[in-house]
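Inside the fold
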Amino acid sequence: MEALLSRELGCSFVRTTGHSGGGCISQGQSYDTDRGRVFVKMNSKSEAKRMFEGEMASLSAILKTGTVKVPKPLKVLDAPGGGSMLVMEHLDMRYLSSHAAKLGSQLAELHLHNKKLGDALQKEASTVDKVVSLLRKGGGQVELPFVEQFGFDVVTCCGYLPQVNDWQEDWVAFYAQQRIQPQMDMVEKGSGDREARELWAALQLKIPGLFRDVDITPALLHGDLWGGNVAEDASGPIIFDPASFYGHSEYELAIAGMFGGFSSSFYSAYHSRIPKAPGFEKRLQLYQLFHYLNHWNHFGSGYKGSSLNIMRNLIK
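Residues numbered from 1 in each chain as written. Predicted model: local features only at pLDDT ≥ 70, side-chain atom pairs only at ≥ 80, totals over all residues. Heavy atoms only, no water.

Under an unreviewed UniProt entry, the name given to the chain is protein-ribulosamine 3-kinase, and the organism recorded is Erinaceus europaeus. According to the UniProt record, the Sequence similarities (unreviewed entry) comment for the chain is "Belongs to the fructosamine kinase family." Entered under Catalytic activity (unreviewed entry) in the UniProt record, the comment concerning the chain runs "N(6)-D-ribulosyl-L-lysyl-[protein] + ATP = N(6)-(3-O-phospho-D-ribulosyl)-L-lysyl-[protein] + ADP + H(+)". (UniProt positions renumbered as here; feature names shortened; annotations may be inferred.)

This paragraph deals with the packing of helix α9 (residues 280–299) against helix α10 (residues 304–314). For any two helices packed against each other, one specifies the inter-axial angle together with the distance between the axes. For the pair α9 and α10, interaxial distance at closest approach is 8 Å and the crossing angle is 155°. The pairing of α9 with α10 is recorded here as roughly antiparallel in orientation. Note that α9 runs across α10; the crossing there is left-handed. Contacts from Lys282, Gln285, Leu286, Gln288, Leu289, Tyr292, Leu293 and Trp296 in α9 reach Lys304, Ser306, Ser307, Leu308, Ile310, Met311, Asn313 and Leu314 in α10. In terms of residue class, the contact of α9 with α10 is made up of 9 nonpolar, 5 polar and 2 charged. (Axes fitted to C-alpha atoms, helices over the stretch in contact; angles between N-to-C directions. Helix = DSSP H or I, 4+ residues; strand = E, 2+ residues; numbered from the N terminus. Parallel < 35°, antiparallel > 145°, perpendicular 65-115°, else oblique. Left-handed = near helix turned anticlockwise from the far one by under 90°. Contact = heavy atoms within 4.5 Å. Nonpolar A, V, L, I, M, F, W, Y, C, P; charged D, E, K, R; others polar.)

Another point: the pairing of strand β2 (residues 27–33). Counting buried positions along β2 gives 6 out of 7 residues, so the element sits mostly inside the fold. Judged from the 5 bridges that link them, β2 and strand β3 (residues 38–43) form a sheet pairing that is antiparallel. Bridged to Gln29 within β3 is Val40. Counting the residues between successive antiparallel strands, the hairpin from β2 to β3 contains 4 residues, one of them, Gly36, with a positive phi of roughly 110°. (Buried < 20%, exposed > 50% of the residue type's maximum accessible area, 1.4 Å probe, protein only. Pairing = 2+ DSSP bridges.)

Written out as structure tokens, the structure is:
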């Protein structure tokens, strides 16, 4: 492993630190190099390369906004013995506590970043030259362009299951067709649950009504922001393990509210920048449906009851 990393990263030496980590999907190990400490995530599944390429694109996109700290991604490599690995900057992370409110503010900034780009372009870009100047930072580095549709340039994975990120103009159609429907297809293939199929058929008719009079500008999302994917260091909050795409900012808060890990100061800071729109609570349930279905498809029928209950509640 050390020789592979040395060759691929152009380092004169690589040495394991003994620091390891990981979750239910991938495992990780830190290495010291003459170019700084790196963290290597490894997964032996045949689909791992697609998963890590999506994570790398997600981290890169968030990094370019300059809003909230993420580990800088370096390279996706084939792993010795099969599978793939993602090499990224090592960050010394601890449990999120003192910087929870700061994370709320920075997450709101991430969600508002694309809207601000659009507002600036609309206000100031009367000529091609002005458009170019707005999209450039110092030194000629091009920032993220304004995005008018919902989706992402590459496949990203929430867990190890791929998300359909084909660009689409209508958010309601995107969410129903490219988030819930693929999960329902997997449920159907795995268990053929009749009640789930009937509830989903009824819910599809109700979804458009949940978005009446709601104006949605595509927002760059982390995509899997639960308590296990946030941390902090001395400088402030950190988010990691993203499954990004451009979607409705409210979607981000769905899984955050399912498994805990976020204090009231986080939510207060976030909603001071992005207030709750009418119907927020109902839409939050709709967005949690994706994550319960995704957990059902990852981990089994222990999440079936929660999935069906949400659909029952939403079609009342």
